[in-house]
Amino acid sequence: MRKLLFTMAALALGVASANAASFNFETTALGSQNVLVLNDGGVTLTLTLTDQSAFQITDITPGGPASFGDRTLSNFVGCCTAAPYNGNFSVGQSSVTLSFGDFGPSDDDSPIILRIYSGLNGVGLLDTVSTSWLGSDVFPSFKTLTVSSATPILSFQFTGSGANNNSMFWDNIVTEQTAVPEPASMALLGTGLFGLAAARRRRKA
């Protein structure tokens, strides 16, 4: 009996909702933006540049990666600021994935950097990952960066393309929300714990 109850409790703790959210720009108006608010999977993502300058939603067809769709995020308005993009989440996330690329190779094998933070607006650095857009890289190929944290991620920043200051195309920001127990799982755990307590009381009696 005790083994069964412990198994129920373990199953209840193991079953959790880890909601994924995917942010692309297919329904976003083309043109210049200073603030962009996107929603998916119960998560709100607010995108800006850290210096509050403008960025752009651009139609990249034909020639871009099929997974990027027609519209993508770029930074060719007043080309180009070196300020990172900043994304704030309405709820903590456990991972962030970012795709990027360009129609031409980089002149300087530019580093692409993705940072995650425990607070909004780049406060409380948790981790940093990076790669490079090489002189041999070109659309329709693209690259992806992913970073995860056990501490909830409330913001992230990304930048790249060296001397060209963010002159890349960015798309398909995919996140996973910090897992929380589902109501049914909590009920199962409660039932198991109640049964365990009752069994102990009977044994003492």
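Shown above is the structure to which this text applies.
What this report covers is the structure whose coordinates are included nearby. (Residues numbered from 1 in each chain as written. Predicted model: local features only at pLDDT ≥ 70, side-chain atom pairs only at ≥ 80, totals over all residues. Heavy atoms only, no water.)

## Overview of the side chain of aspartate 102
Logical step 1: Tracing the sequence through the fold places aspartate 102 in the loop between β8 (85–101) and β9 (110–117).
Logical step 2: Dropping the residues within four chain positions of it, aspartate 102 is found in contact with Trp133, Val138, Phe139, Ser167, Met168 and Phe169. (Helix = DSSP H or I, 4+ residues; strand = E, 2+ residues; numbered from the N terminus. Contact = heavy atoms within 4.5 Å.)

## Some points on the environment of leucine 154
Logical step 1: Within the secondary structure, leucine 154 sits in strand β11 (residues 143–160).
Logical step 2: Exposure remark for leucine 154: the relative accessible area of 25% places this residue in the partly exposed category.
Logical step 3: Taking the C-alpha atoms as reference points, leucine 154 and valine 123, 31 residues apart in sequence, are found 9.0 Å from one another.
Logical step 4: Setting aside its immediate chain neighbours within four residues, leucine 154 contacts Gly87, Asn88, Phe89, Val91, Gly92, Tyr117, Ser118, Gly119 and Leu120. (Buried < 20%, exposed > 50% of the residue type's maximum accessible area, 1.4 Å probe, protein only.)

## Quick notes on the pairing of strand β4 (residues 36–40)
Logical step 1: Pairing of β4 with strand β5 (residues 43–49) involves five bridges; the strand directions are antiparallel. Of the residues in β5, the one forming a bridge with aspartate 40 is valine 43.
Logical step 2: With antiparallel pairing between neighbouring strands as the criterion, β4 and β5 make up a hairpin whose turn holds two residues, including glycine 41 at a positive phi of roughly 55°. (Pairing = 2+ DSSP bridges.)

## Focus on the packing of aromatic side chains
Logical step 1: Counted according to the given criterion, the structure contains 13 aromatic pairs.
Logical step 2: A ring pair is formed by phenylalanine 100 and tryptophan 133, whose centres lie 6.2 Å apart and whose planes are at 65°; its orientation type is edge-to-face. Remark: tryptophan 133 occurs in strand β10 (residues 125–133) and phenylalanine 100 occurs in strand β8; sequence separation between them is 33 residues.
Logical step 3: Taking the relative accessible area as the measure of exposure, tryptophan 133 reaches 1% and is therefore buried.
Logical step 4: For the pair phenylalanine 156 and phenylalanine 158, a centre-to-centre distance of 5.8 Å together with 15° between the ring planes defines the contact as stacked.
Logical step 5: Residue classification places phenylalanine 156 among the buried residues on the basis of a relative accessible area of 0%.
Logical step 6: By relative accessible area, phenylalanine 158 is classed as buried at 1%.
Logical step 7: Through pairs of rings, three or more aromatic residues link up here, namely Phe55, Tyr85, Phe89, Phe100, Trp133, Phe156, Phe158 and Trp170. (Phe/Tyr/Trp six-rings, centres within 6.5 Å; stacked < 30°, edge-to-face > 60°.)

## A look at the nonpolar core
Generally speaking, a soluble globular protein has its nonpolar side chains buried in company with each other.
Logical step 1: Judged by nonpolar contacts, the single largest core of 29 residues is most densely connected at Leu47, Leu73, Phe156, Phe158, Trp170 and Ile173.
Logical step 2: If you list the elements that add at least two residues to this core, you get β2 (20–23), β4, β5, β6 (55–59), β8, β9, β11 and β12 (169–177).
Logical step 3: Residue contacts for tryptophan 170: discarding those within four places in its chain leaves Phe25, Thr72, Leu73, Tyr85, Leu98, Ser99, Phe100, Ile112, Phe158, Thr159 and Gly160. (Core = buried A, V, L, I, M, F, W, Y, C linked by side-chain atoms within 4.5 Å.)

## Some details on the environment of threonine 44
Logical step 1: Relative to the helices and strands, threonine 44 resides in strand β5.
Logical step 2: For threonine 44, a relative accessible area of 24% corresponds to the partly exposed category.
Logical step 3: The spatial distance from the C-alpha of threonine 44 to the C-alpha of asparagine 88 is 8.1 Å, given a sequence separation of 44 residues.
Logical step 4: Setting aside anything within four residues of it in sequence, one finds threonine 44 in contact with Val37, Leu38, Asn39, Asn88, Phe89 and Ser90.
Logical step 5: Of note is the side chain of threonine 44, whose polar atom sits 2.5 Å from the side chain of asparagine 39. (Polar contact = N/O pair within 3.5 Å; in protein donor to acceptor, adjacent residues only side chain to side chain.)

## With respect to unusual backbone geometry
Logical step 1: Look at the link from threonine 61 to proline 62: it is a cis peptide, with omega at -10°.
Logical step 2: Structurally, proline 62 can be placed in the loop between β6 and β7 (71–74).
Logical step 3: Omega for the bond connecting phenylalanine 139 with proline 140 falls within 30 degrees of zero, at 5°, which places this linkage in the cis form.
Logical step 4: Mapped onto the fold, proline 140 is located in the loop between β10 and β11.
Logical step 5: In this model, asparagine 121 sits at a positive phi of 55°, which is unusual for a non-glycine residue.
Logical step 6: Its location among the elements puts asparagine 121 in the loop between β9 and β10.
Logical step 7: The class for asparagine 121 is exposed, based on a relative accessible area of 52%.
Logical step 8: Backbone geometry places asparagine 172, a non-glycine residue, at a positive phi of 50°.
Logical step 9: Here asparagine 172 is to be found in strand β12.

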